[in-house]
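# Secondary and tertiary structure notes
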Amino acid sequence: MPEIAEVARIVHFLRLHLVGKKIKDASAIDDGNVFGKVGTTGAAVEAALKGKKVVSAGSQGKYFWITLDKPPHLVMHFGMTGWVHIKGEKTAYTNFYKKLKESDLAQWPPKFWKFRLTTDDKPPVEVAFTDARRFGRVRLVDCSGVDIRKYSPLVENGPDPVIDTDRFTEDYLRSKMKNRHVPVKALLLDQVMISGIGNWVADETLYHAKLHPEQYSDSLSDAEIKKLYEAIRYVCQTAVDKLGDSDEFPGHWLFNYRWGKGDKGAATKLPNGVKLSFITVGGRTSCFAPGVQKKTGQVVPGAKAEPLKVEGEEEKEGMTVKKSRRQKMEAKGAADLDQPPTKKKRMIKVRKEEEYNKPDLQPHVDLSSGRRRSARLQM
């Protein structure tokens, strides 16, 4: 799903190629999901665009908009696979569009388009909103362009950590976390709390803050909240500055290694040797580094981590494995690892030896092969 950085990428292209231009023509498909579920129609969107001048483009978290010289204005959300294409420009940089063939990307109008427009320039600028899975939303907001964030759905969402630095402060984050008893990962994903953080951004910020995704938000110390705030600002600002181009993300980021769950040859460790694991938090799969992101407070009961399997390793992060007596004693900090077993263990050992020494269980030596076999197995 496109998050804060990918939305910032599209707004960048809209400002570069569409803002200040007049729309000569527009057309829209009457999609009951993309338009209908937010109270409009393809025909209404088409009418709102035709003959209008684009005054500005902006974003708040995962939402973005274009304001026109007359209301209503368009407010959009990409959902899972939505995107905006501009003919002749490589705007697409999400995982979904990376998998499409070059011929599909070059096609115009692009596949799965929901509305498209053409400016009156020579040559014209052509723009299209696409959505293969139809979870995206395009709505009309009837208000003054400068007040668009005072209206639904933007007004119900929390501050954008990049744009709203006056609102998104360390004190703001602390107050929200102390007043909620939810896993910190779930709080970060709540758009009412903070706009624009999705699954990968949340995992990245928690990794940099060294916080376990299942730990309850109100159990974090002020120092931990400070680290989380700084991590959110760092990750979001860096990703936006790079316009969501993951090839430009820092090499040490978790993002570069978190996508291979279940894939053959997928990374199981970071370059620094830290192991990766997965856990489900609030219905979303979270990638984290158990060796770095320690539990320092209350966590969701029954939380289970699913490690990435590494061939040849006997013990995995986050799994319950059978340990040897030496491993158990090391864990307990025993002074003498070679001390004799307890009386109970000695009795069990004696009983096993008695069973083994019964006549019908005496080992038989096969002289032809040199192997020892139980006499009972030959019957």
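Attention in this report is confined to the structure presented alongside it. (Residues numbered from 1 in each chain as written. Predicted model: local features only at pLDDT ≥ 70, side-chain atom pairs only at ≥ 80, totals over all residues. Heavy atoms only, no water.)

### Looking at the pattern of salt bridges
- A complete count under the given rule lists 15 salt bridges for this structure.
- Glu126 is paired through a salt bridge with Lys87; the nearest N and O atoms lie 3.6 Å apart. In this pair, Glu126 sits in strand β7 (residues 126–131) while Lys87 sits in the loop between β5 (82–86) and α3 (95–98), placing the two residues 39 residues apart along the sequence.
- Given the relative accessible area of 18%, Glu126 is considered buried. (Salt bridge = Lys/Arg side-chain N within 4 Å of Asp/Glu carboxyl O. Helix = DSSP H or I, 4+ residues; strand = E, 2+ residues; numbered from the N terminus. Buried < 20%, exposed > 50% of the residue type's maximum accessible area, 1.4 Å probe, protein only.)

### As for the sheet that holds strand β4 (residues 73–77)
- If you walk across this open sheet you meet the four strands as β2-β3-β4-β8, and the pairing is antiparallel. The sheet is open, and its two edges are formed by β2 (54–60) and β8 (137–141), each paired on a single side. On average, each strand axis in the sheet is inclined to that of its neighbour by 20°, with strand direction left out of account.
- Here β2 pairs with strand β3 (residues 63–68) via six bridges, running antiparallel. (Pairing = 2+ DSSP bridges. Axes fitted to C-alpha atoms, helices over the stretch in contact; angles between N-to-C directions.)

### What about the packing of helix α7 (residues 199–209) against helix α8 (residues 222–241)?
- Packing of α7 against α8 leaves a shortest axis separation of 8 Å and a crossing angle of 130°. The angle between the axes of α7 and α8 places the two elements in the oblique class. Helix-helix and strand crossings are classified by hand; for α7 and α8 the assignment is right-handed. Packed against α7, whose contacting residues are Trp200, Val201, Glu204, Thr205, Leu206, His208 and Ala209, the element α8 presents Lys227, Leu228, Ala231, Ile232, Tyr234, Val235, Cys236 and Ala239 at the interface. (Parallel < 35°, antiparallel > 145°, perpendicular 65-115°, else oblique. Left-handed = near helix turned anticlockwise from the far one by under 90°. Contact = heavy atoms within 4.5 Å.)

### Some points on the packing of helix α5 (residues 170–178) against α8
- The interhelical angle for the contact between α5 and α8, taken along N-to-C directions, is 120°, at an axis separation of 10 Å. It follows from the interaxial angle that α5 and α8 lie oblique. Helix-helix and strand crossings are classified by hand; for α5 and α8 the assignment is right-handed. On the side of α5, the interface is formed by Glu170, Leu173, Arg174, Met177 and Lys178, while α8 contributes Asp222, Ile225, Lys226, Leu228, Tyr229 and Ile232.
- Split by residue class, the contact of α5 with α8 holds six nonpolar, no polar and five charged. (Nonpolar A, V, L, I, M, F, W, Y, C, P; charged D, E, K, R; others polar.)

### As for the side chain of Thr81
- With respect to the helices, strands and loops of the structure, Thr81 is situated in the loop between β4 and β5.
- Here Arg133 takes part through its backbone nitrogen, which lies 3.0 Å from a polar atom of the side chain of Thr81. (Polar contact = N/O pair within 3.5 Å; in protein donor to acceptor, adjacent residues only side chain to side chain.)

### Side note on unusual backbone geometry
- Cis geometry is adopted by the peptide bond preceding Pro109, which originates at Trp108 and carries an omega value of -5°.
- Counting through the fold element by element, Pro109 comes out in the loop between α4 (102–106) and β6 (113–119).
- A cis amide bond, omega 10°, links Ser152 with the succeeding residue Pro153.
- Along the polypeptide, Pro153 turns up in the loop between β8 and α5.
- The phi dihedral of Arg134 falls on the positive side, at around 65°, and the residue is not glycine.
- With respect to the helices and strands, Arg134 occurs in the loop between β7 and β8.

### Details of the pairing of β3
- With six of six residues buried, β3 lies mostly within the body of the structure.
- Here four bridges tie β3 to β4, and the two strands are oriented antiparallel to one another. Each bridged residue has a counterpart across the sheet, and for Tyr63 the counterpart in β4 is His77.
- Hairpin connection of β3 to β4: four residues between the antiparallel strands.

### Side note on the environment of Arg174
- If you trace the backbone, Arg174 turns up in helix α5.
- Among the polar contacts listed, one links the side chain of Arg174 to the side chain of Glu170, at a separation of 2.6 Å.
- Side chain to side chain, Arg174 and Asp222 meet in a polar contact 3.3 Å long.

### Brief notes about the sheet that holds β6
- Read across the sheet, four strands follow the order β1-β6-β7-β5 without closing on themselves; strand pairing throughout is antiparallel. In this open sheet, the two edge strands, each paired with only one partner strand, are β1 (23–28) and β5. Between one strand and the next, the sheet's axes are offset by a mean angle of 15°, whatever the strand orientation.
- The sheet contact formed by β6 and β7 spans five bridges and is antiparallel. Counted as the bridge partner of Arg116 is Ala128 from β7.
- Across the sheet, helix α2 (residues 42–49) is in contact with β1 and β6; its angle to β1 comes to roughly 175°.

Remember, this is a structural readout, not a statement about activity or role.
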